Amino acid sequence: MRELKELFDNNRWWAERVKRENPGFFDDLAKQQAPPYLWIGCADSRMPANQILGLEPGQVFVHRNVANVVSHTDFNVLSVLQYAVEVLQVRHVIVCGHYGCGGVAAALKNEPLGLIDNWLRHIKDVYQHSPIAGRRTGGREDVDRLCELNVAAQVRNVCHTTIVQDAWRRGQALSIHGWIYALEDGLLRDLDLCISNPDQLAEIYRMEPPRVRGG
Ligand code: CO
């Protein structure tokens with residue numbers, strides 16, 4: 001007997017229901033995807049991008065990892081970002097954290113967890129370079145404040161990539177947003193971090209147009 005049969009059953013019911021409600025749905029979906037949004041969110045099981053946004057399959061390109069980190073050396077997130085910006089031509093990149101994030105909470109502690117500590121170090125770095133550095137009290141409010149600061153840091157990290165900077169230099173319209181989600185009420189909050197051009201970045205991160213080589 002096939003394992004996890006209930007999931008295959010769920011899938012069949014879902015596909016049948018979708019086909020019943022919209023007979024051309026899968027034919028259209030199979031032809032192409034043109035989502036206008038890239039979502040970079042936490043891997044937390046309570047953070048399903050499509051459901052939170054009320055979007056159907058095909059409407060949002062998604063990357064998720066522990067605590068929605070955008071690391072400059074992570075080929076996974078960079079590849080997703082490049083494909084989304086250059087091939088899918090998304091107009092919006094949304095970095096979405098959530099209050100009470102377990103990854104952020106773990107980063108605020110000193111308890112060793114193994115390999116993941118290397119990943120969480122990115123969030124310790126956010127803390128250490130923030131106004132709350134050295135002020136942790138061990139409470140939930142520390143976690144929630146660092147969740148917000150982490151979103152802000154990861155929005156900047158997206159903007160600092162060659163991928164986003166090249167897109168802006170080509171004149172491509174692209175906005176990077178920082179949002180946070182509360183599990184308690186299911187609502188998104190806009191952290192007012194929308195960045196749409198390099199003038200909004202610190203000077204050191206603004207790249208000049210490429211020079212013509214040779215000669
Ligand atoms: Co989380």
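Residues numbered from 1 in each chain as written. Predicted model: local features only at pLDDT ≥ 70, side-chain atom pairs only at ≥ 80, totals over all residues. Heavy atoms only, no water.

Participant: Is there a simple way to think about the overall build of the protein in this case?
Facilitator: A count of helices and strands for the protein gives 8 helices and 5 strands. In sequence order, the protein lays out its α and β elements as α-α-β-α-β-α-β-α-α-α-α-β-β. Looking at the 215 residues of the protein, the share that counts as buried comes to 41%. Look at the contacts in the protein between residues 6 or more apart in sequence, and 63% of them connect residues 24 or more apart. Taken as a whole, the protein presents about 13000 Å² of accessible surface, with 52% of it coming from carbon and sulfur. (Helix = DSSP H or I, 4+ residues; strand = E, 2+ residues; numbered from the N terminus. Buried < 20%, exposed > 50% of the residue type's maximum accessible area, 1.4 Å probe, protein only. Contact = heavy atoms within 4.5 Å. Areas by Shrake-Rupley, 256 points an atom, 1.4 Å probe, with all protein chains shown as cover.)

Participant: Before we go on, may I ask you to explain the layout of surface pockets in this structure?
Facilitator: In this model, the largest pocket occupies a volume close to 350 Å³. In terms of lining, the largest pocket is formed by 17 residues, of which the most central are H72, A153, R156, N157 and H160. The set of elements that each furnish at least two residues to the lining of the largest pocket consists of α6 (116–128) and α7 (140–160). No other element matches α7, which puts 5 residues into the lining of the largest pocket. In the lining of the largest pocket, the residues fall into 8 nonpolar, 7 polar and 2 charged. (1 Å grid on protein atoms, 1.4 Å probe; cavity = no way out; pocket = protein on both sides within 12 Å on 5 of 7 lines; lining within 4 Å. Points joined across faces, edges and corners; volume = space filled by probe spheres on them. Nonpolar A, V, L, I, M, F, W, Y, C, P; charged D, E, K, R; others polar.)

Participant: Teacher, can you tell me more about the sheet that holds strand β1 (residues 37–42) here?
Facilitator: Across the sheet, 5 strands lie side by side as β2-β1-β3-β4-β5; this open sheet has mixed pairing. Each edge of the sheet is formed by a strand with only one pairing partner; in this case those strands are β2 (60–65) and β5 (187–190). Here the average twist between neighbouring strands, direction ignored, is 25°. Examined bridge by bridge, strand β3 (residues 92–98) and strand β4 (residues 175–182) share 7 bridges and lie parallel to one another. The residue bridging V95 from the neighbouring strand is G178, located in β4. Helix-sheet contacts for helix α4 (residues 75–87) involve β1, β2 and β3, and the interaxial angle to β2 is about 170°. (Pairing = 2+ DSSP bridges. Axes fitted to C-alpha atoms, helices over the stretch in contact; angles between N-to-C directions.)

Participant: Looking at this structure, how should I read the pattern of salt bridges?
Facilitator: When their charged atoms lie close together, side chains carrying opposite charge are able to pair. Tallied over the full model, the rule gives 10 salt bridges. When the shortest N-O distance is used, the salt bridge between D166 and R169 registers 2.6 Å. Here D166 pairs with R169, and both are found in helix α8 (residues 162–169), just 3 residues apart, close to one helical turn. Here D185 ties to R189 by a salt bridge, and the two come within 2.8 Å at their closest N and O atoms. Classification of D185 by relative accessible area gives partly exposed; the value is 39%. Given a relative accessible area of 32%, R189 falls into the partly exposed group. What emerges from the salt-bridge pattern is a single network uniting K5, D9 and R12. (Salt bridge = Lys/Arg side-chain N within 4 Å of Asp/Glu carboxyl O.)

Participant: Mind showing me how you'd approach the coordination of the cobalt ion here?
Facilitator: Under perfect tetrahedral coordination by four donors, a metal shows angles of 109.5 degrees; under perfect octahedral coordination by six donors, it shows angles of 90 or 180 degrees. Protein-derived coordination of the cobalt ion comes from C42 (SG), H98 (NE2) and C101 (SG), at a distance range of 2.0 to 2.3 Å. In the primary sequence, the donor residues of the cobalt ion line up as C-x55-H-x2-C. One exposure class covers both H98 and C101, and it is buried. (Donors = N, O, S within 2.8 Å, 3.2 Å for Na, K, Ca; no water.)

Participant: Got a minute to help me understand the pairing of β5 in this structure?
Facilitator: Consecutive residues of a regular strand have side chains that alternate between opposite faces of the sheet. Sheet topology note: the β4/β5 ladder contains 4 bridges and is antiparallel. Bridge pairing in β5 links I180 to R189. The hairpin formed by β4 and β5 contains 4 residues between the paired strands, and G186 there has a positive phi angle of roughly 75°.

Participant: I'm lost on the environment of V93 in this one. Help?
Facilitator: Among the structural elements, V93 can be located in strand β3. Taking C-alpha positions, V93 is 9.4 Å from F61, a pair spaced 32 residues apart along the chain.

Participant: Looking at this structure, how should I read the packing of aromatic side chains?
Facilitator: A ring pair, where both rings are aromatic, is described by two values, the distance of the centres and the angle of the planes. By the definition in use, this model includes 3 aromatic pairs. Between W14 and F26, the aromatic rings sit 5.6 Å apart at their centres with planes inclined by 75°, giving edge-to-face as the arrangement. Of this pair, W14 sits in helix α1 (residues 5–21) while F26 sits in helix α2 (residues 25–31); the two residues are 12 residues apart in sequence, bridging distant segments of the chain. For W14, a relative accessible area of 34% translates into the label partly exposed. Overall, the relative accessible area of 27% leaves F26 in the partly exposed class. When the ring of F25 is compared with that of F26, the centres are 5.2 Å apart and the planes differ by 90°; the resulting orientation is edge-to-face. (Phe/Tyr/Trp six-rings, centres within 6.5 Å; stacked < 30°, edge-to-face > 60°.)

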